[in-house]
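# Analysis of the macromolecular model
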Amino acid sequence: MTELKDLKDKIAVIGVGNTRYGNFPEIDDYGLAAHAFRNAVQDCGIDKDKIDGLLVSRIPYYARMGEVLGLNPKWTITLPGHGRMSGMGIIEAATAIAAGHCDYAALLYANIGRSRRVNYGGDESPGTWDPWGFTSPGAAHAMMFRRHMELYGTTTRQLAEVSVSIRYHACLNPDAVMRNPITIEDHESARFITAPLRLLDYCLINDGAVCLILTSKERAKDFAKPPVLISGFGAQETYSPSSIANFDMDFWYPAISAAGKQAYDMAGVGHKDVDALMCYDNFSPTVLFSLEGLGFCGRGESGAFVENGGLSLGGKLPVNTDGGHLSNSYMQGWALNVEAVRQLRRECGARQIPDCEVVQYVQPTPCTRSIIYTRG
Amino acid sequence: MSYNKPLPRLDTLNKPFWDATKQNRFLLQHCPSCGDTRFPPGPVCPKCLAGEQTWIEASGKGTLESWVDMHRAYWDGYKDELPYRVCLVRLEEGPVVVSNLVDKTENLRMGAPVKVVFEAVTDEVTLPKFTLA
């Protein structure tokens, strides 16, 4: 049996593509995904008929997607439209390539939630606690952040630093949806959605699509762009309490620590080697939880870590250099993985991290994943 | 005026719980084999997988683990009472439940003792809520 660790540096991302991000009622998810796919194909210059693996997330029907793109792969997988599926999907595709299920996998994600007025709460997503009015992932994260405030004295002004740094990055990204700078005061005066969280702690809801194309390191040499290697990954689920969706009493600390350790050990890198962290910022508190779980700071110390622009370009640890879910685009982790690739290819222009060598992705969710990417 | 907030979806698993709240009793599903106690109920014990599960009556006492104030009405029935307060309570028996904290005070602390109160919202449904003890 192959050990996961043996997959270090064996699989590469060769092509990435995305659509514009915004409100596109005139186009459906297949259409958006097709545009992202075409951009990823052009990005690496692959003959699309070579693509023999297809992974779709938040796309209704894999077979229609294949028909739309003219693909008849020999490996297909469908993942639901949950954000946590991005990290899972990339790892699944990597292991499928390593196992020989396919040689070139296209991973497609599309979201039409903006134009179709998705709320992420209420009757749209029925839950155990509806009779008490408790609904939406944002409310679950507010519940966690209140605990963090009580346990560690973390303040909303410290939390604001997360949103401010990530917005600063969005202002440097021509593709980002939100491009006006914000301050800590803007954060503190924004309206509450679920106190203690305010509007600027919440991710965007926008339409768009993302595509990544993966293959083996050996095959990756044949394409237009320098390959970016998947050097390490780690995983840990936390399924109790699933009745309280998107919630963990312990901020997923054990899971993030475990997944992070697996990824660091596999890649053979440590915290000091990480040039940027791409963190699943569905709500700003997840960034704090990630910093503690991965060990960039001690437990309860993330509030102090992020102060004074600690997460901004040039700061202690640049986080979500594309503007993340909070300010670039709500592509549920997929666009953050694309940003990791672009940073390592050094294609990021004004937001480029100098000499970028190692980028880490993390999603603190009931399905926690971390992936470490390096330059090939 | 009729009650226009979400009501529990009764099923064979949770019916004993909602029958009991009508009598101002708070039940927790309990495993007679291994003693595990939980809410919401499940089809088997998640610890030992025993199928036969019973119910025990909780004391109704617990501690405040967290709370939030909902400022957005995801259901129309909440539009006129924003913000409303949702709490996370660790019951004396162990399980953690979500409910409403009826107290309006801003002077709350994690760990504060709370106790259950019952509110009959319709003829059929009584909701357990919590108040500072």
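Provided above is the structure to which this section pertains.
Below you will find a few notes about this structure.

Definitions and cut-offs
Residues numbered from 1 in each chain as written. Chains lettered and ligands numbered in written order. Predicted model: local features only at pLDDT ≥ 70, side-chain atom pairs only at ≥ 80, totals over all residues. Heavy atoms only, no water. Core = buried A, V, L, I, M, F, W, Y, C linked by side-chain atoms within 4.5 Å. Buried < 20%, exposed > 50% of the residue type's maximum accessible area, 1.4 Å probe, protein only. Contact = heavy atoms within 4.5 Å. Pairing = 2+ DSSP bridges. Helix = DSSP H or I, 4+ residues; strand = E, 2+ residues; numbered from the N terminus. Arc of directions from axis to C-beta. Buried area = accessible area lost by both parts, 1.4 Å probe. Salt bridge = Lys/Arg side-chain N within 4 Å of Asp/Glu carboxyl O. Phe/Tyr/Trp six-rings, centres within 6.5 Å; stacked < 30°, edge-to-face > 60°. Axes fitted to C-alpha atoms, helices over the stretch in contact; angles between N-to-C directions.

## Things to note about the nonpolar core
Residues A:Phe134, A:Leu277, A:Leu291, A:Phe296, B:Phe26 and B:Phe130 are the most contacted members of the largest nonpolar core, which totals 76 residues. Apart from the residues lying within four places of it in its own chain, the contact partners of B:Phe26 are B:Phe17, B:Ile56, B:Glu57, B:Ala58, B:Leu91, B:Val97, B:Val116, B:Phe118, B:Pro128 and B:Phe130. Residues A:Tyr21, A:Met85, A:Tyr330 and A:Tyr373 belong to the second largest nonpolar core, which totals 48 residues.

## Some thoughts on the sheet that holds strand β3 (residues 54-57) of chain B
All names here are of chain B. The three strands lie next to each other as β2-β1-β3, forming an open sheet whose pairing is antiparallel. Strands with a single pairing partner mark the edges of an open sheet, and in this sheet they are β2 (37-38) and β3. Sheet analysis places strand β1 (residues 27-30) next to β3, joined by four bridges and oriented antiparallel. In the strand pairing of β3, leucine 27 is matched with glutamate 57.

## Considering helix α2 (residues 62-69) of chain A
All names here are of chain A. Those residues of α2 not exposed but buried are Met65, Gly66 and Leu69. For α2, the arc enclosing every buried residue in end-on projection is 100°, short of the 170-degree limit, so these residues lie on one face. Where the residues of α2 are buried, they touch α1 (29-44), β2 (53-57) and β4 (105-111). Just beyond α2, the residue with positive phi is glycine 70, at close to 70°.

## Re unusual backbone geometry
Residue and element names in this part refer to chain A. For the bond running from alanine 195 to proline 196, omega is 15°, close enough to zero to count as cis. Residue placement: proline 196 occurs in the loop between β5 (192-195) and β6 (197-198). Within the chain, tryptophan 252 stands out as a residue other than glycine whose phi angle is a positive 60°.

## Regarding the interface of chain B and chain A
Counting residues at the interface gives 35 residues for chain B, matched by 31 residues for chain A. For the pair chain B and chain A, the summed buried surface comes to about 2800 Å²; carbon and sulfur atoms form 65% of the total. For chain B, the biggest contributors to the area lost against chain A are B:Tyr74, B:Trp75 and B:Val98; these three give 23% of the whole. In this assembly, chain B and chain A are joined by three salt bridges. B:Arg109 is the partner of A:Glu150 in a salt bridge, and the nearest nitrogen-oxygen pair spans 2.6 Å.

## Here's the deal with the packing of aromatic side chains
According to the stated counting rule, one finds 16 aromatic pairs over all chains in the structure shown. Taken together, a centroid distance of 5.1 Å and an interplanar angle of 70° make the contact between A:Tyr61 and A:Tyr62 edge-to-face. Its relative accessible area of 39% is what places A:Tyr62 among the partly exposed residues. With a centroid separation of 5.7 Å and an interplanar angle of 50°, the aromatic rings of A:Trp129 and B:Phe39 are classed as tilted. Taken together, the positions of A:Trp129 in the loop between β4 and α4 (137-152) and B:Phe39 in the loop between β2 and β3 put the pair across two chains. Overall, B:Phe39 belongs to the buried group, its relative accessible area being 11%.

## Thoughts on the sheet that holds strand β8 (residues 228-237) of chain A
All names here are of chain A. Strand order in the open sheet made by the nine strands is β3-β2-β4-β7-β1-β8-β11-β10-β9, with mixed pairing throughout. The two strands at the open ends of the sheet, each matched to only one other strand, are β3 (75-79) and β9 (276-279). Averaged over all pairs of adjacent strands, the angle between strand axes in this sheet comes to 25°, irrespective of strand direction. With respect to the sheet, helix α3 (residues 85-99) is in contact with β1 (11-18), β2, β3, β4, β7 (208-216), β8, β10 (358-363) and β11 (367-375), its orientation differing from that of β11 by roughly 60°. Contacts from helix α12 (residues 334-345) reach β1, β2, β4, β7, β8, β9, β10 and β11 within the one sheet, and its direction differs from that of β1 by about 110°.

From the geometry alone we can't say anything about function, so treat these as descriptive.
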